[in-house]
Amino acid sequence: MPFVSKWHLIALCACLVSWAAAGRHPDVPVFLLFSYCTYLLAVKQIRLLAAFLIIILALFSDVQLFQANGTRLPPDQKIFVGKIKDIPLFDGDLLTYTLQTESGESVKASIKLPNEAIKKQLMHRLRPGLTCRLSGQLERPPDPSNFHAFDYRSYLENKHIFWLLKAEGPPRCLESSLTLLDHLNRFRQSEIERIRDGFSPIGADIMNALIFGYDSSMDPDLYDAYCLFGLVHLLVVSGMHIAAIFGFLYYAARRLGLVREYACLVLLLLIPVYVFLAGAGPSAVRSGLTAGMVLAAGIVKIRNLRTTDVLSISCLIMVFCDPKVVFDLGFQLSFAVTFMVLIAGPVILKRYKSSLGRTFMLSMVSEIASFPIAVYHFYQFSFIGFLLSIFFVPYMTLVILPLSVATYVIAAVLPAATSLMSFVMDLFLYLPHRVLLYLYQHPYFQMNYGAMVPWMLISALLIFAAALLVWEKSRKVWVAGLPALSFLLIYGMVYMSDFIDPYGSVTFLDVGQGDSILIRLPHRQGAVLIDSGGTMPYPKKKWQIRNKPYEVGRDVVLHELLALRINTLDAAVLTHRDFDHIGGMKSVLAKVPVRQIVVSPFFKPDRSDLNTFDQALDKGSKLSILKSGDSLKIGNSIFHVLSPITYSSDSNGNSIVIRTLLGGKEWLFTGDLPVKGEQRLLERYPDIRSDILKLGHHGSRTSTSEKWLEKVDPSIGIVSCGKNNRYGHPHPEVIKLLKNHKVRIFRTDQTGAIQFQFSDRQVIRIMTAADFLR
């Protein structure tokens, strides 16, 4: 590889300092900085050490003195006046936008729209730069309540937003003095709306993403497909877009007779305008900065300017302007991939003569650069995605991007041609998107790396580094396969660690008002899911339906399964028919192979349940009907079914109750078993006891009688319920009863998810999502 210059090291130092100064976990960057500074001192690189120390001091001062590290708004403030900072987003009956208050601090405002007429009125009126008056309540963004959930609070804080504003009604807005940025945002919004109204959804979404960096209205399945296959970078404005658009403008300016220096100067003035029109995301800013510096160097005739040095200086500028930008996923992917391509590009161009070989290797090094970042956030890597990138990258860059720009210009100059150009866009996009969606719904060769712990990520980086080093030094043909083989080697390393892992876990997921319990046995012996929670489907009119409504099975349960590298469930137990227990199971069964679906003889499926069961059976699942006295053997563990004993007219009374021994402790999972069911259990099993009891019916007083507690005699009680739920669960009488019996209480509404880690003989650790964040 080409020599890494001092600019590269200084830029890396700046990123590490920003991580240490503005992040929650500074240990790793502090250790790396201290180690490298010690090395520089040992080898007497005093000038570079001095530069490092200056960067460290300057950035720490920047973070502490000049950056917004906390809120200035009083929590009890009710009335807010400020400017709309970005393009308002209408998602069904929800309106959200960023409001910059009079104090200069921004809040994320959300308004529940009361009817369709007001929605249409606001869609027509609301524009960036309007001064609006809102009344409402400030709320802190919630911390993640599950171990691997998206951290929305950190996401907003990294954008210097510390409050959510829950508005009590539609905003009242007036025109005010507009800045240049306001005018640019308004033009951007009007053009996005013009494209959306004039073109089909297929073409409009891609055009808005490629030209204006706007993907908020994109079909969620299609967007997820781009993410899954590592193609999402094609939907953001990047260096290729800047090069294509401004390369065309430069060519046009030269053809019109403009001298080179003046053409470069005009483009230099236009680049920041376009960066803002493209949303000023990290990728667009990085591309604009690098392009601007290259043009400026051409104007002043600076020779021998290394592109990688320009990239490093761009990184340095962005980090000094906003140190928290280092936590932005777009920033990380943009710089990592671009830097890797620039470093490896000359070697690839020299070694491979065919376009296919060059494209293959460039795709390979891009995937290697993005792998640690993408897997850390999304847990997955798809070899199909790697192969798709060989087609999609040139197709989107050389065909769809120029076509989108041409279509946009033609439709603006000749509105009558809009329909024809819309048809042309759809023609070029239809088949690739159909293929993409099919592969998304049928994921072949998809590898789930899960939530890799630090030693795994470090090992992955070392494996990639070794493979690339051998590839660079050796000219043998077979060596080209080493980087690809690295992905499989890392995959094997991760799964081998699971097989030798002597610890299992029982996780009570926070699914709101519902139940979902995930059991993972040691040494990958098996995994059991008891219930899946469920989001109640309230009927809505068409205008109220959101683009991607929250669904607990997809957004919580599946996410945790991915993070824990659970690709197959040995059993999915549906304790009873209530939606808050099984509503999310449809999403789980659609994505994860399940060996056994367990129900009771008294489970009465509706048409939707039957369709779900049929689809699962077609994929190889087995439907097991179990009742009191039956058992389920998975790995070395036996799950004994204690209930239901007889039919009950109450759905809760038909709950499957499971007892098992894990980590040397007796566990009892009771579903929504009511007091009458507890009495029947005590009659059938008079010696029943349990160390850890999952309370029936979310801590309702219709369950957990005093006699039940006396007999079972648990030391720990788990209450799975929603925060501030309308039922008042858990009931104060039940909590008092538990305390009287000296039962240690864990509640998902207070601590989020609860996880018990166990070995063959003991429970070694109890951890909650609240503890996990500290």
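Residues numbered from 1 in each chain as written. Predicted model: local features only at pLDDT ≥ 70, side-chain atom pairs only at ≥ 80, totals over all residues. Heavy atoms only, no water.

**Side note on the overall build of the protein chain**
Then step 1. Along its length, the protein chain carries 27 helices and 24 strands.
Then step 2. Taking 2.2 N^0.38 as the reference for a compact globule, 774 residues should give roughly 28 Å; the C-alpha atoms of the protein chain span a radius of gyration of 29 Å, in line with that estimate.
Then step 3. Reported as C-alpha extents along the three principal axes, the dimensions of the protein chain are approximately 95 × 65 × 55 Å.
Then step 4. Accessible area of the protein chain: about 36900 Å², with a carbon and sulfur share of 62%.
Then step 5. In the protein chain, the 79 positive side-chain charges and the 61 negative ones have mean positions that sit 6 Å from each other. (Helix = DSSP H or I, 4+ residues; strand = E, 2+ residues; numbered from the N terminus. Rg over C-alpha atoms; globule rule 2.2 N^0.38 Å. Areas by Shrake-Rupley, 256 points an atom, 1.4 Å probe, with all protein chains shown as cover. Lys, Arg positive; Asp, Glu negative; His and termini not counted. Charge placed at Lys NZ, Arg CZ, Asp CG, Glu CD.)

**Quick notes on the state of the cysteines**
Then step 1. According to the stated counting rule, one finds one disulfide in the structure shown.
Then step 2. Note that C132 is cross-linked by a disulfide to C173, the S-S spacing being 2.0 Å. Residues C132 and C173 are joined through a disulfide that is right-handed, its torsion about the S-S bond being 105°. Highlighted residues: C132 in strand β5 (residues 131-139) and C173 in strand β7 (residues 172-174), separated in sequence by 41 residues.
Then step 3. Free cysteine C37: the closest other cysteine sulfur is in C13, separated by 6.5 Å.
Then step 4. On the basis of relative accessible area, C37 is assigned to the buried category, the value being 12%.
Then step 5. For C315, which is in no disulfide, the shortest distance to another cysteine sulfur is to C15 and amounts to 3.5 Å. (Disulfide = S-S within 2.5 Å. Buried < 20%, exposed > 50% of the residue type's maximum accessible area, 1.4 Å probe, protein only.)

**What about a nonpolar patch on the surface?**
Then step 1. Residues F248, L249, L258, V259, Y262, L265, V266, L269 and L270 make up a contiguous nonpolar surface patch of roughly 820 Å² in combined accessible area.
Then step 2. Within the residue set of the nonpolar patch, elements represented by two or more residues are α9 (239-255) and α10 (260-277).
Then step 3. No other element matches α10, which puts five residues into the nonpolar patch.
Then step 4. You can see L270 is positioned in helix α10. (Patch = residues over 30% accessible without salt bridge, like charges linked within 9 Å, V, L, I, M, F, W, Y side chains within 5 Å. Salt bridge = Lys/Arg side-chain N within 4 Å of Asp/Glu carboxyl O.)

**A short note on the environment of S216**
Then step 1. Mapped onto the elements, S216 comes out in the loop between α7 (201-212) and α8 (220-228).
Then step 2. Between the C-alpha atoms of S216 and N547, which are 331 residues apart in sequence, the distance is 9.3 Å.

**Some words on the sheet that holds strand β22 (residues 744-747)**
Then step 1. The seven strands are arranged β16-β17-β18-β19-β20-β21-β22 in an open sheet whose pairing can be described as mixed. In the strand order of this sheet, the two ends are held by β16 (631-634) and β22, each with one partner. Across the sheet, the mean angle separating the axes of adjacent strands is 20° when strand polarity is ignored.
Then step 2. Bridge count for strand β18 (residues 657-662) against strand β19 (residues 665-669) is five bridges, and the pairing is antiparallel. Residue L661 lies in a different strand from β19, and its bridge partner there is E666. (Pairing = 2+ DSSP bridges. Axes fitted to C-alpha atoms, helices over the stretch in contact; angles between N-to-C directions.)

**Concerning the sheet that holds strand β24 (residues 763-768)**
Then step 1. The strand order β15-β14-β13-β12-β11-β10-β23-β24 describes an open sheet built from eight strands, whose pairing is mixed. The sheet is open, and its two edges are formed by β15 (622-625) and β24, each paired on a single side. On average, each strand axis in the sheet is tilted by 15° relative to the strand beside it, whichever way the strands run.
Then step 2. Here strand β10 (residues 504-508) runs beside strand β11 (residues 517-520); their pairing, made up of four bridges, is antiparallel. Its bridge partner being in β11, S505 is matched across the sheet by R520.

**Let's talk about the pairing of β24**
The side chains of a regular strand alternate, first on one face of the sheet and then on the other.
Then step 1. With five bridges connecting them, strand β23 (residues 754-758) and β24 associate as antiparallel partners. Bridged to Q755 within β24 is M767.

**Details of the side chain of N185**
Then step 1. For N185, the location among the structural elements is in helix α6 (residues 180-198).
Then step 2. Filtering out sequence-adjacent residues up to four positions away, N185 remains in contact with K85, I87 and P128. (Contact = heavy atoms within 4.5 Å.)

**Regarding the pattern of salt bridges**
Then step 1. Across all of its chains, the model carries 20 salt bridges by this definition.
Then step 2. When the shortest N-O distance is used, the salt bridge between R260 and E261 registers 3.3 Å.
Then step 3. A salt bridge links D691 to R689; the nearest nitrogen and oxygen atoms lie 3.4 Å apart.
Then step 4. D691 sits in the buried class, given a relative accessible area of 16%.
Then step 5. Members of the salt-bridge network, linked through shared partners, are D498, R524 and R565.

**Points about the packing of aromatic side chains**
Then step 1. Taken as a whole, this structure holds 28 aromatic pairs when the rule is applied.
Then step 2. With a centroid separation of 6.3 Å and 80° between ring planes, the pair formed by Y226 and F392 is classed as edge-to-face. Of this pair, Y226 sits in helix α8 while F392 sits in helix α15 (residues 383-413), placing them 166 residues apart in sequence.
Then step 3. For Y226, a relative accessible area of 0% translates into the label buried.
Then step 4. On the basis of relative accessibility, which here comes to 1%, the residue F392 falls in the buried class.
Then step 5. Taken together, a centroid distance of 5.3 Å and an interplanar angle of 75° make the contact between F371 and F464 edge-to-face. Here F464 lies in helix α17 (residues 454-473) and F371 lies in helix α14 (residues 355-378), a separation of 93 residues in the sequence. (Phe/Tyr/Trp six-rings, centres within 6.5 Å; stacked < 30°, edge-to-face > 60°.)

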